[in-house]
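# Summary of structural features
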Amino acid sequence: MSTANPLATAAADTAVVVGASSGLGRALATELARRGHAVLLVASDRRDVDALAADLQLRHGVPARSLALDLARSADPGAAIGAALDGLPPLGSVLIPAGWSRHDDDGTLDSAAIGQLLAINLHAPLAIAHALLPALLERHGTLVLFGSVAAERGRGRNIVYAAAKRGLVSFAQSLRHRHADGALRVQLYQLGFLRSNLTHGLRLPLPAAEPDAIARDVVAGLARRNGTYYRPGWWALVALIVRSLPWFVFRRMKD
């Protein structure tokens, strides 16, 4: 008698979502499962990610596995994720919307706080991508990184966060150059404000996008996009303007 998992045969590939328990990560996980992908959901809060995996498997009939992982404390997050993929369908995509910022990132942070910001926003994405790259290359898969328009031009706030996100830009460019033969798709989404618990109640200078809408767009483009994209798309114009402002104007922008 066969002992194969019937759910494993129902999904063509597996998508890893790092930072899956809330906001854009949760929306991406839901959309991926809805479209028939098996999912490995990674987040720091075990209760949240376990509940989400169980819900997606029940509602969409796909394999859904959870992994509780603190990116700020893990020296090798890629190894833990690679081990958790055992028994799931082949890896097809890795999406890393995980990110963290803090209001006092203004040049006054101590070494421990700087390390946490760099660990979550830069070290973890690079380490995870490096560890899972061989599996992605086997399937001509897709790596999806998420940056921020905050990194378009350095300012006196979000100093470490923006530096880390700018590092992701270079990383994405390097991977696209190295795998220009098409063996790997590398997508970088430069995000503006998203509606979430972090922006709730804040007076934002520009409208916040809905995570569900961004997730639908990202998942729809997994198999066909390669490059850098601004979401919402009109942020590309805002970013261009910010980069083009002369210094005597830009230096007066404090908010």
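Just above sits the structure.
Residues numbered from 1 in each chain as written. Predicted model: local features only at pLDDT ≥ 70, side-chain atom pairs only at ≥ 80, totals over all residues. Heavy atoms only, no water.

Time to look at the overall build of the protein chain. A tally of regular secondary structure across the protein chain gives nine helices and seven strands. Counting all 255 residues of the protein chain, 46% fall into the buried class. Sequence-distant contacts, at least 24 apart, represent 72% of the contacts inside the protein chain between residues at least 6 apart. (Helix = DSSP H or I, 4+ residues; strand = E, 2+ residues; numbered from the N terminus. Buried < 20%, exposed > 50% of the residue type's maximum accessible area, 1.4 Å probe, protein only. Contact = heavy atoms within 4.5 Å.)

A word on the pattern of salt bridges. This model, assessed by the stated rule, comprises nine salt bridges. Aspartate 104 is the salt-bridge partner of arginine 102, the closest N and O atoms lying 2.6 Å from each other. Since its relative accessible area comes to 26%, arginine 102 is described here as partly exposed. Judged by its relative accessible area of 23%, aspartate 104 is partly exposed. Notably, a salt bridge pairs aspartate 217 with arginine 231, separated by 2.5 Å at the nearest N-O pair. Residue aspartate 217 is located in helix α7 (residues 211-220), and its partner arginine 231 is located in strand β7 (residues 227-231); the two are separated by 14 residues in the primary sequence. (Salt bridge = Lys/Arg side-chain N within 4 Å of Asp/Glu carboxyl O.)

To continue, consider the packing of helix α2 (residues 23-34) against helix α3 (residues 46-60). Running from N to C, α2 and α3 point in directions that differ by 25 degrees, and their axes come no closer than 10 Å. On the basis of the axis angle, α2 is roughly parallel to α3. α2 and α3 meet at a crossing whose hand is right-handed. Judged by residue contacts, Arg26, Ala29, Thr30, Ala33 and Arg34 of α2 engage Leu52, Leu56, Arg59 and His60 from α3. (Axes fitted to C-alpha atoms, helices over the stretch in contact; angles between N-to-C directions. Parallel < 35°, antiparallel > 145°, perpendicular 65-115°, else oblique. Left-handed = near helix turned anticlockwise from the far one by under 90°.)

Turning to the packing of aromatic side chains, a few remarks are in order. Tallying each qualifying case throughout the model produces three aromatic pairs. With a centroid separation of 5.8 Å and 20 degrees between ring planes, the pair formed by phenylalanine 146 and tyrosine 189 is classed as stacked. Of this pair, phenylalanine 146 sits in strand β5 (residues 142-148) while tyrosine 189 sits in strand β6 (residues 185-191), and the two are 43 residues apart along the sequence. With centroids separated by 5.3 Å and ring planes inclined at 20 degrees, the aromatic side chains of tryptophan 234 and tryptophan 235 adopt a geometry described as stacked. A cation sits over an aromatic face here: arginine 225 above tyrosine 229, 5.8 Å from the ring centre. (Phe/Tyr/Trp six-rings, centres within 6.5 Å; stacked < 30°, edge-to-face > 60°. Lys NZ or Arg CZ within 6 Å of the ring centre and 35° of its normal.)

We now examine unusual backbone geometry. Going from arginine 231 to proline 232, the amide bond is cis rather than trans, its omega being -10 degrees. Mapped onto the elements of the fold, proline 232 is located in the loop between β7 and α8 (235-244). One non-glycine residue, histidine 140, lies in the positive phi region at around 50 degrees. The topology assignment puts histidine 140 in the loop between α5 (111-138) and β5. Residue histidine 140 is classed as partly exposed on the basis of its relative accessible area of 46%. Positive phi, normally seen in glycine, also occurs at asparagine 158, with a value near 50 degrees. Position of asparagine 158 relative to the elements: it lies in the loop between β5 and α6 (159-178).

Our focus in this paragraph is the environment of leucine 24. Looking at the secondary structure, you find leucine 24 in helix α2. Its relative accessible area of 8% is what places leucine 24 among the buried residues. Sequence spacing of leucine 24 and leucine 194 is 170 residues, and the spatial spacing of their C-alpha atoms is 8.1 Å. In this view, leucine 24 contacts Pro97, Phe146, Leu191, Leu194, Pro211, Ile214 and Ala215; residues no more than four positions away in its chain are not counted.

The next point concerns the sheet that holds strand β3 (residues 64-68). Taken in spatial order, the seven strands line up as β3-β2-β1-β4-β5-β6-β7 in an open sheet, and their pairing is parallel. Both edges of this open sheet fall to β3 and β7, since each of them pairs with a single strand only. Each strand of the sheet is rotated relative to its neighbour by a mean of 15 degrees, with strand direction disregarded. The strands touched by α3 are β2 (38-43) and β3; relative to β3, the strand with the most contacts, the crossing angle is about 175 degrees. Each of β4 (91-96), β5, β6 and β7 is contacted by α7, which is oriented at about 160 degrees to β6, the strand it contacts most. (Pairing = 2+ DSSP bridges.)

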